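# Report on the structure
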Amino acid sequence: MSRRQIYAHFDRHSQQARQMRARDLEAVERTVHSESAEEIDLGYRQVRLAAVRFPIFDEAGRITALCTQATELGRPGLQATAPSAADAMGRADEGVMITDARGVILTVNAAFTRITGYSLQDVAGKLPSILQSGLHSQEFYERLWLSLAEHGRWQGEIQNRRKSGEIFPEWLTIYAVKGADGEVQSYIAIFGDSSARQCVEFMTMHDGLTGLPNRKLLMERLSDCIADARRRRDSLAVMLIDLDNFKDINDSLGHDVGDLLLQQVAERLRRCLCDAHTLARAGGDEFAVIVRSLTIDEIRRLAAHTLDYLSGSFCIRGHELSGAASIGISLFPEDGDTATGLLQNADTALYEAKAQGRNRFRFFAAEMQALVQQRMTLEAGLRAAIDNDRFEVVYQPQTALAGGELVGAEALLRWKDPVLGDVPAARFIPAAVEAGLIVTLSEQVLAKVLSRIALWRRQGLMPPRISINVAAQQLREPHFVEHVCELLETRGVPPAAICLELTEGSLMEDLEGASQMLSRLTEHGIAISIDDFGTGYSSLAYLGRLPIHELKVDQSFVRGIAGEANKRSIITAIIDMAHALGMQVLAEGIETEDQLAFLKDQHCEMGQGYLFHRPLSAEAFERLFVPCGGPPPRASAPAARVVS
Ligand SMILES: Nc1nc2c(ncn2[C@@H]2O[C@H](COP(=O)(O)OP(=O)(O)OP(=O)(O)O)[C@@H](O)[C@H]2O)c(=O)[nH]1
């Protein structure tokens, strides 16, 4: 190619680029779609195109992109005539419908027939309402027509009905085509499911993981449904479905497995809820359902059915996982008449369902708001108390029943909040569990107690063995044993100086895992005590297999010593069996001489309670220590016996 030919080649292309750009700019400036017939010289052949340009708008009505769809019309010479609109429409992938200014359908293209099932003969002369699904409110259509009148276009997702009766979502753009006099001459509606534009729009309105409508689309649909329910005086409810303890699955098996579970849950929900209800992913592990035209009883049954349906296990990468969930429900109009209000109150009801133990549904009730508010205040207070180290550890002494000497103490938490005042442990511990703060809090206490023991030892004092409570959630931490050992080592505290107290329930959650963990703790020389013994359902046969040093008889039994023969029998049985298994027994909540006498009679080794001491501050407690040189307190744990 000569230099002149090369220049000519580039000239031709830059000229074509300028022409195309001019057409793009024109479509952008006019903010309407435009159609044109174009010829492109590819150098090796001429191409004739029917091009349609669509501006793509953001929510504020600004143009964010321009989409050009061009269809080759054939080589010049093969097709001598200029492309007609019908020709371009016939080749388009998207459904196209053209109406006159009154909305009467003039023509449709082949893609329209493919998507809707209606031929041109079926719809010519009819109104587009032939496609209506009945799922949109009057207000929805009013907004559509208003937008067409004001801006000359409308764009959005619409649920339409095919000739077969099936309802389908489509991304629709309608243009009002005006004549020179400014009057609307016709409307062009373009819809389909194969263009990049629709794909982009779909992505902004749908959740990428599950393909469900996202929160944005949920809010739009909910607003439409509210308007529709108001107009038709129909019922409407919002169900918020949140998976229970989903975080544990992410934490233990990884986000990938969590993602797969979310996808399968979405699929199961799709199957469980028929098309009449709109399902969306509201965010995280939360799904929302817009329930239309059901009575309260029907909604109740739907919620119970949904929980049932989800609670069947899911098999993901070889793991059997639970899809158990909680549901909060709000009703229109009594619980709110806006999308935001209904969702907020469904969320409050959901919070209540979680607080009451999960795997249940709750309808919103006005009094829940106060409860939720209280819990949120408590949770915020807890977070601040943890951050600002506002918890005080007090020590309740433990006494040998036979000789009366000090043998240990249980570290107990006290919280005096600047706003909430004294908050009892029975209130803040469950709240910390509920808020997912119990592990952080327990670790803080452990570190605090070990630092105090280290300080006493540095001061030459000889503290007795200190018992520290361990939460069930801590046992699930994979590096719990290492963490405890590291804390002991860095503070220079011997393992025998502490005893870890666990509840029966926390062991029974995963007996195998707990057994391994306890073995490792005792191998390091740490004593183990079972708290609140007798209140759970664990059998001594199970516990006998675990390396446990001590059983604590729950104070409810001790309180019953005076008047309830069965409580006395239970205590006797616990003590006898514990001794047979090589464990010592400590009775909690001893308040009277009679209780003490009975327990001594049964050879219960130790006790704690107001009869001996109330919980004491660290300073008051240390005054009980035996001075150096005196008889040493029993700081070392008795050997645990494992019965196989
Ligand atoms: N795998 C995965 N996890 C997500 C996704 N979005 C949010 N999450 C996680 O989902 C969890 C949801 O938190 P919560 O609902 O408070 O936790 P939960 O364990 O289910 O607790 P409850 O709802 O109180 O039973 C968080 O740990 C998020 O990190 C996602 O797309 N994929």
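Residues numbered from 1 in each chain as written. Predicted model: local features only at pLDDT ≥ 70, side-chain atom pairs only at ≥ 80, totals over all residues. Heavy atoms only, no water.

### Description of the overall build of the protein chain
Within the protein chain one finds 23 helices and 24 strands. Residues classed as buried in the protein chain amount to 48% of the 644 residues present. Partitioning the intrachain contacts of the protein chain with sequence separation of at least 6 by distance along the chain shows that 60% fall at a separation of at least 24. (Helix = DSSP H or I, 4+ residues; strand = E, 2+ residues; numbered from the N terminus. Buried < 20%, exposed > 50% of the residue type's maximum accessible area, 1.4 Å probe, protein only. Contact = heavy atoms within 4.5 Å.)

### A look at the layout of surface pockets
Considered as a void within the structure, the second largest pocket measures approximately 1300 Å³ in volume. A breakdown of the residues in the lining of the second largest pocket according to their chemical character gives 20 nonpolar, ten polar and 13 charged. (1 Å grid on protein atoms, 1.4 Å probe; cavity = no way out; pocket = protein on both sides within 12 Å on 5 of 7 lines; lining within 4 Å. Points joined across faces, edges and corners; volume = space filled by probe spheres on them. Nonpolar A, V, L, I, M, F, W, Y, C, P; charged D, E, K, R; others polar.)

### Quick word on the packing of helix H7 (residues 215-232) against helix H11 (residues 339-355)
The interhelical angle for the contact between H7 and H11, taken along N-to-C directions, is 110 degrees, at an axis separation of 9 Å. Considered as vectors, H7 and H11 are oriented roughly perpendicular to each other. In this structure, H7 uses Arg215, Leu218, Met219, Leu222, Ser223 and Ile226 to contact H11, whose residues at the interface are Ala339, Thr340, Leu342 and Leu343. (Axes fitted to C-alpha atoms, helices over the stretch in contact; angles between N-to-C directions. Parallel < 35°, antiparallel > 145°, perpendicular 65-115°, else oblique.)

### Some details on the site of the ligand
Neighbouring the ligand are 16 residues, the closest being Asn245, Asn250, Asp259, Lys354 and Arg358. Here an oxygen atom of the ligand sits 2.9 Å away from a polar atom, N or O, in the side chain of Asp242. Interatomic distance of 2.8 Å between a backbone N/O atom of Lys247 and an oxygen atom of the ligand. Listing elements by their share of the shell around the ligand, those giving two or more residues are strand S9 (236-243), helix H8 (246-253) and helix H9 (255-272). Counting residues per element, the shell around the ligand draws most heavily on H9, which supplies four residues. Its residues assigned to classes, the shell around the ligand comprises three nonpolar, five polar and eight charged. (Near = heavy atom within 4 Å. Polar contact = N/O pair within 3.5 Å; in protein donor to acceptor, adjacent residues only side chain to side chain.)

### A short note on the nonpolar core
Within soluble globular proteins, side chains that are nonpolar tend to cluster in buried spots. Tyr395 and Ile466 are the most contacted members of the largest nonpolar core, which has 80 residues in total. Ranked by the residues each element gives to this core, the list is headed by helix H14 (residues 438-458), at eleven residues. Residues within four places of Ile466 in sequence aside, it is in contact with Tyr395, Ala409, Ala411, Val449, Ile453, Trp456, Ala497, Ile498, Cys499 and Phe621. Counting 33 residues, the second largest nonpolar core, distinct from the first, contains Ile241, Ala266, Leu273 and Leu307. (Core = buried A, V, L, I, M, F, W, Y, C linked by side-chain atoms within 4.5 Å.)

### Let's talk about the packing of aromatic side chains
Applying the stated criterion to the full structure yields 13 aromatic pairs. Ring centres of Trp456 and Phe621 lie 5.8 Å apart, and the angle between their planes is 65 degrees; on these two criteria the pair is classed as edge-to-face. A residue pair is termed long-range when its members are at least 10 positions apart, and Trp456 in helix H14 and Phe621 in helix H23 (residues 618-622) qualify at 165 residues. Judged by its relative accessible area of 0%, Trp456 falls in the buried class. Consider the rings of Phe621 and Phe625, whose centres lie 5.0 Å apart with planes at 90 degrees: the pair is edge-to-face. (Phe/Tyr/Trp six-rings, centres within 6.5 Å; stacked < 30°, edge-to-face > 60°.)

### A few points about the confidence of the model for the protein chain
Per-residue confidence for the protein chain averages 83 on the pLDDT scale, and 82% of its residues sit at or above 70. Across residues 1-10, confidence stays below pLDDT 50; counting only partners more than four residues off in sequence or on other chains, it has one contact. Segment residues 632-644: pLDDT under 50, and 36 contacts once partners within four positions in sequence are set aside and those in other chains are kept. Model confidence for the complex: the whole-complex pTM is 0.55, and ipTM, which rates the interface, is 0.96. (pLDDT = per-residue confidence, 0-100.)

### Topic: unusual backbone geometry
Cis rather than trans, the peptide bond between Phe332 and Pro333 has omega equal to 5 degrees. Among the structural elements, Pro333 can be located in the loop between strand S14 (325-332) and H11. Residue Arg358 is not a glycine yet carries a positive backbone phi of 70 degrees. Here Arg358 lies in the loop between H11 and strand S15 (361-363). Although it is not a glycine, Asp389 sits at a positive phi angle of roughly 55 degrees. Looking at where Asp389 falls in the secondary structure, it is placed in the loop between helix H12 (366-387) and strand S16 (391-400).

### What about the packing of H9 against helix H10 (residues 296-311)?
When two helices pack together, their arrangement is given by the angle between their axes and by how far apart the axes lie. Where H9 meets H10, the closest approach of the two axes is 10 Å, and the angle between their N-to-C directions is 140 degrees. Put simply, H9 runs oblique to H10. Crossing handedness for the pair H9 and H10: right-handed. Of H10, the residues touching H9 (which contributes Val265, Arg268, Leu269, Arg271 and Cys272) are His305, Thr306, Tyr309 and Leu310. Looking at the contact of H9 with H10, its residues break down into five nonpolar, two polar and two charged. (Left-handed = near helix turned anticlockwise from the far one by under 90°.)

### Regarding the pattern of salt bridges
This structure, assessed with the given rule, holds 26 salt bridges. In this structure, Lys354 engages Asp242 in a salt bridge whose closest nitrogen and oxygen atoms are separated by 2.9 Å. Placement of Lys354 in helix H11 and of Asp242 in strand S9 is noted, with a sequence separation of 112 residues between them. With respect to class, Lys354 is no different from Asp242; both count as buried. Here Arg358 and Glu434 are joined by a salt bridge, their closest N and O atoms 3.8 Å apart. Residue Arg358 is found in the loop between H11 and S15, and its partner Glu434 is found in helix H13 (residues 425-434); the two are separated by 76 residues along the sequence. The exposure class assigned to Glu434 is partly exposed, which follows from its relative accessible area of 30%. (Salt bridge = Lys/Arg side-chain N within 4 Å of Asp/Glu carboxyl O.)

### Things to note about the side chain of Glu286
Tracing the sequence through the fold places Glu286 in strand S11 (residues 286-292). Within the buried set, Glu286 has no salt-bridge partner at all; the shortest N-O distance to an opposite charge, 4.3 Å, is to Arg215. For Glu286, the residues in contact, after removing those within four places along its chain, are Arg215, Leu240, Ile241, Asp242, Arg281, Asp347 and Leu350. (Lys, Arg positive; Asp, Glu negative; His and termini not counted.)

### Observations regarding the pairing of S16
Most of S16 is tucked away, with nine of its ten residues classed as buried. Bridge count for S16 against strand S17 (residues 406-417) is nine bridges, and the pairing is antiparallel. When the sheet's bridge partners are listed, Phe391 is paired in S17 with Trp415. In sequence, S16 turns back onto S17 through a hairpin of five residues, with Gly404 there showing a positive phi of about 80 degrees. (Pairing = 2+ DSSP bridges.)

### What to know about the sheet that holds S9
Here five strands make up an open sheet; going across it, the order is S10-S11-S9-S14-S15 and the pairing mixed. Every other strand in the sheet has two partners, leaving strand S10 (278-283) and S15 as the edge strands with one partner each. This sheet shows a mean twist of 20 degrees between the axes of neighbouring strands, independent of strand direction. Most of the contacts of H10 go to S14, to which it runs at about 160 degrees, and overall it touches S9, S11, S14 and S15.

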